[in-house]
Amino acid sequence: MRKFLIVFFILMISAQFVSADTNIHVTGKIILKKNKRLYIDKGRTDGVKVGQKFDIIYDNQYYGSGIIAWTGEDISYSRVDSLVFYRLLYYEPLEVKILLEYPLKSQGGVIHMPFYRSLNLKPSEIKTPIEKTVACLIYDGLVKLDNQGQIIPALANSWEVHGNTYTFYLDHTVRFHSGKPIDASDVAYSLVELAKAPDVTPASSFVLEIYGYEDVHFGGKNELKGIFIPNKYTIAITTKDTFVPFLKYLAGPGGYIIPAVDRTKTLPTPIGTGPFKIASAREDVITLVANEEYFGTPPTLDSLVLIRYKDRKEVALDFELGKIDLFFFDSATERDYLSNGNYTARKYYTSSTVMLGFQCQRQYQKDFKLSRALQYLFDKESIVRVLLGNAAQKATGLIPQTIGAGSSNITNYYFSVKEAKEKISRIDGIPSELNLFFDDTDPMLEPVAGYIAGQLRQVGIKTITKNTSKYQLDRQSALSLLDLYLFRYDVPIGDLDAFFYPLFSKRLNGQTNFFYYENPQLEKLIDGARRLDDEYTRNDIYRKAENLIMEKPPLVVLYYPIMTVISRRDLYGFEADLSAFINLRQAYYQAGR
């Protein structure tokens, strides 16, 4: 009897991580990962066909999805982009669940989700995961990424690339939510709005590469010299130099297209061309409804309602009461919030990284003495295990494994308070107190900031801990007030340029490079990688860049958060993006559950 209860208890826990599935599917194994292909030990004799979707499972947890690209008698494979390939390279054994049929009917309904602070939904201001989740429903870009990470048409039916000029041919049947047809002037307006913004975001930083950016941003011009409109539905965009990641940036939040309006006016609510449109927006409730005239695959859901909450505990309570249908968080487990097991919990590895940055303009940080000393001060394993309940991965390098393979020759730092204290004792000019800021858009950073302050006290450094946000920290405060900054960085697109350039480029000091890091040698490496089309050569350059940074690091890389998504058992079709947001475009409820 006791043995039966133990087995039953284990099965109940497992059910929280991989929900029961009455669809008809076949389970197989990934037997080979080579040349960005995943080879599976199931083929035509098992009912597998080209185009069928599958989930990737490791240790009973969902790790992603794919589409069958080729089948043989007893084998099949799926093509994946390099980011997904590297993400899966280190996990063994991997299973797949290949979906053969959908016996249950998909149906619409309403998803109720939480948000915690005012949302910035202008493409020039989108930063946080929840903002990306909502904006993904409202807007489209010229191009988008498919499930394999390949660039495919969106608002542009097609495009051509000649040197540094990208010419896009728009789909003239597309209309904004207001009913206005889209044309090339809307694209031009959207890019000028990015250039006029006081600061860039990691997702919009590509606008600096468009010819004429400086004239718009600093000179007050209303046109980018790099934009040419030969006719109403054609637009040519010229960059200053070869810029390989340009199309990927256009597929991200910074590339969303908004309707052109008189610059003396503002739109009452965000308007895009996406599958959902805003029906009402109040301070505490935002309602999106399905766009019945959407030019792409129509949404199944009827609407999505976002409700403002103070914290996750309030959300968890309302989830158990049936008032919330889906919510997500990082660096914590569902057991921290929920007692009722009637839900599905999915874990996702994203491109997010939590780091402690140092103000590099301080005299005591000259030659990176303090940041190098503090590499030894923090026990990353304890942070992950004790503070975060193993809901994160200990950082082993600078580059998250989900977006690329890091260097094997990176400078290794170990945990030793004694070593840190000895190195700190040889640094002159450290103030009696340091300002430690932490980004409060991620609530799990507060206890980590407390741990960091405690460790600093052990080596004789007092701190004043202050909370801030990605929006409150401006250039002046970053330069004058900030000494240490604990923050989370979400790579906005699946390209290593979007990791290195926003964080470490001198051009973005005080905007996305809050610690004013400057390294001419690194700038050359980043600029060189942007000009190269060969993926392997680019990755080799980025590994060199990682080595260069970690020899004299301006930051301490602490951990990689793991995203947990909690949802109703009958809610399907949503996907977690590597950029740490949830794509709900094809979400649906399944009848019969």
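All values reported here derive from a predicted model rather than from experimental measurement.

*Asks:* How should I be thinking about the environment of G272 in this particular structure?
*Replies:* Looking at the element boundaries, G272 is found in the loop between α6 (246–250) and β16 (276–281). Sequence separation between G272 and L137 is 135 residues; the distance between their C-alpha atoms is 9.0 Å. Sequence-distant contacts of G272, defined by excluding residues within four places in its chain, comprise I138, Y139, F176, H177 and I257.

*Asks:* What exactly am I supposed to notice about the packing of aromatic side chains here?
*Replies:* Summed over all chains, the structure comprises 30 aromatic pairs. Note on F499 and F500: the rings are 5.2 Å apart at their centroids and 85° apart in plane angle, and the pair reads as edge-to-face. Looking at F499, the relative accessible area reads 0%, which means it is buried. The buried category is assigned to F500, whose relative accessible area is 0%. Taking the centre distance of 5.7 Å and the plane angle of 75° together, the rings of F504 and Y517 count as edge-to-face. With F504 in helix α13 (residues 497–504) and Y517 in the loop between α13 and α14 (520–530), this pair connects stretches of sequence that are 13 residues apart. A single burial state applies to F504 and to Y517, both of which are buried. Above the ring of Y501, the side-chain terminus of R530 is found at 3.8 Å from the ring centroid. It is R568 that lies over the ring of F319; its NZ or CZ is 4.0 Å from the centre.

*Asks:* Where do I start with the packing of α14 against helix α15 (residues 535–551) in this structure?
*Replies:* Packed helices, taken two at a time, are described by their axes: the angle between them and the distance between them. Two elements in contact, α14 and α15, have axes separated by 9 Å at closest approach and are oriented at 165°. Relative to α15, the element α14 lies roughly antiparallel. Judged by the sense of rotation from one axis to the other, the crossing of α14 with α15 is left-handed. Between α14, through Q521, L522, L525, G528 and A529, and α15, the contact on the second element is made entirely by R538, I541, Y542, K544, A545, L548 and I549. Looking at the contact of α14 with α15 residue by residue, the classes come out as eight nonpolar, two polar and two charged.

*Asks:* Is there a simple way to think about the sheet that holds β16 in this case?
*Replies:* Two pairing modes exist for strands in a sheet, parallel and antiparallel, and in both the strands are linked by backbone hydrogen bonds. Strand order in the open sheet formed by four strands is β9-β18-β17-β16, with mixed pairing between adjacent strands. For this open sheet the edge positions go to β9 (110–115) and β16, each flanked by a neighbour on one side alone. Strand after strand, the sheet turns through a mean of 20° between neighbouring axes, direction not considered. Pairing geometry for strand β17 (residues 285–290) and strand β18 (residues 303–308), over five bridges, is antiparallel. Of the residues in β18, the one forming a bridge with V285 is I307.

*Asks:* Looking at this model, I keep getting lost on the pattern of salt bridges. Mind explaining?
*Replies:* Any two side chains of opposite charge can pair, on the condition that their charged atoms come close. Here the structure, examined in full by the defined rule, presents 27 salt bridges. Two residues, D186 and K180, come together in a salt bridge whose shortest N-O distance is 2.8 Å. Members of the salt-bridge network, linked through shared partners, are E209, E214, K240, D497, R507 and R530.

*Asks:* Even after reading the chapter, I still don't get the side chain of S190, so can you show me in this structure?
*Replies:* Relative to the elements of secondary structure, S190 occurs in helix α4 (residues 184–196). For S190, a relative accessible area of 5% translates into the label buried. Excluding anything up to four places from it in sequence, S190 contacts Y256, I257 and I258.

*Asks:* Could you clarify how one ought to interpret α14 in this entry?
*Replies:* A turn of α-helix holds 3.6 residues, and therefore any two residues three or four places apart point the same way. Residues of α14 that are buried: L522, E523, I526, A529 and R530. The arc that holds the buried residues of α14, viewed along the axis, is 130°, so those residues lie on one side. Pointing more than 90 degrees away from the buried face of α14 are the exposed residues P520, Q521 and K524. Lining the buried residues of α14 we find α6, α13 and α15. By the N-cap criterion, in which a side-chain oxygen at the helix start approaches the backbone nitrogen of a residue two or three places on, α14 is capped by N519, the distance to Q521 being 3.1 Å.

*Asks:* What's the story with the confidence of the model for the protein in this structure? I'm lost.
*Replies:* Residues shown with low pLDDT carry predicted positions that ought not to be read at fine detail. Mean pLDDT for the protein: 88, with 91% of residues reaching 70 or above. Counted against residues more than four places away or in other chains, residues 1–22, with its pLDDT under 50, gives 28 contacts.

*Asks:* Hey, could you run me through the sheet that holds strand β13 (residues 165–170) in this one?
*Replies:* Ordered by their spatial adjacency, four strands build an open sheet running β12-β13-β15-β14, and the pairing between neighbours is antiparallel. With one partner strand each, in any of the chains shown, β12 (156–162) and β14 (227–231) form the two edges of the open sheet. Between one strand axis and the next, the sheet turns through 20° on average, direction left out of account. By the bridge criterion, five bridges tie β13 to strand β15 (residues 234–238) in an arrangement that is antiparallel. Residue Y166 lies in a different strand from β15, and its bridge partner there is I237.

*Asks:* Just checking my understanding: could you explain the nonpolar core for this structure?
*Replies:* Side chains of nonpolar character tend, in soluble globular proteins, to be buried together. Within the largest apolar cluster, 122 residues are counted, with the highest numbers of intra-cluster contacts made by F500 and F504. Apart from the residues lying within four places of it in its own chain, the contact partners of F504 are L398, F499, N513, F515, Y517, L522, E523, I549, P554 and L555. Grouped together as the second largest cluster of nonpolar side chains are 39 residues, I111, I126, L288 and L571 included.

*Asks:* Is there a simple way to think about helix α9 (residues 380–387) in this case?
*Replies:* Restricting attention to buried positions, one finds in α9 the residues K380, S382, I383 and V384. Tucked into the core, α9 has its buried residues touching β22 (392–394), α11 (445–458) and β26 (555–567). Regarding α9, its N-cap is D379, as a side-chain oxygen of that residue lies 3.3 Å from the backbone nitrogen of E381 further along. In the segment just after α9, G389 is the residue with positive phi, at about 60°.

*Asks:* So what exactly am I meant to see when it comes to the environment of S118 here?
*Replies:* Looking at where S118 falls in the secondary structure, it is placed in the loop between β9 and α3 (129–138). For S118, a relative accessible area of 39% gives the class partly exposed. Note: C-alpha distance between S118 and K232 (114 residues apart in sequence) is 36 Å. With residues up to four places along the chain from it excluded, the contact list for S118 reads E131, E283 and R308. At a separation of 3.3 Å, a polar atom in the side chain of S118 contacts the side chain of E283. A distance of 3.4 Å separates polar atoms of two side chains, one belonging to S118 and the other to R308.

Cut-offs applied
- Residues numbered from 1 in each chain as written.
- Predicted model: local features only at pLDDT ≥ 70, side-chain atom pairs only at ≥ 80, totals over all residues.
- Heavy atoms only, no water.
- Helix = DSSP H or I, 4+ residues; strand = E, 2+ residues; numbered from the N terminus.
- Contact = heavy atoms within 4.5 Å.
- Phe/Tyr/Trp six-rings, centres within 6.5 Å; stacked < 30°, edge-to-face > 60°.
- Buried < 20%, exposed > 50% of the residue type's maximum accessible area, 1.4 Å probe, protein only.
- Lys NZ or Arg CZ within 6 Å of the ring centre and 35° of its normal.
- Axes fitted to C-alpha atoms, helices over the stretch in contact; angles between N-to-C directions.
- Parallel < 35°, antiparallel > 145°, perpendicular 65-115°, else oblique.
- Left-handed = near helix turned anticlockwise from the far one by under 90°.
- Nonpolar A, V, L, I, M, F, W, Y, C, P; charged D, E, K, R; others polar.
- Pairing = 2+ DSSP bridges.
- Salt bridge = Lys/Arg side-chain N within 4 Å of Asp/Glu carboxyl O.
- Arc of directions from axis to C-beta.
- Polar contact = N/O pair within 3.5 Å; in protein donor to acceptor, adjacent residues only side chain to side chain.
- pLDDT = per-residue confidence, 0-100.
- Core = buried A, V, L, I, M, F, W, Y, C linked by side-chain atoms within 4.5 Å.

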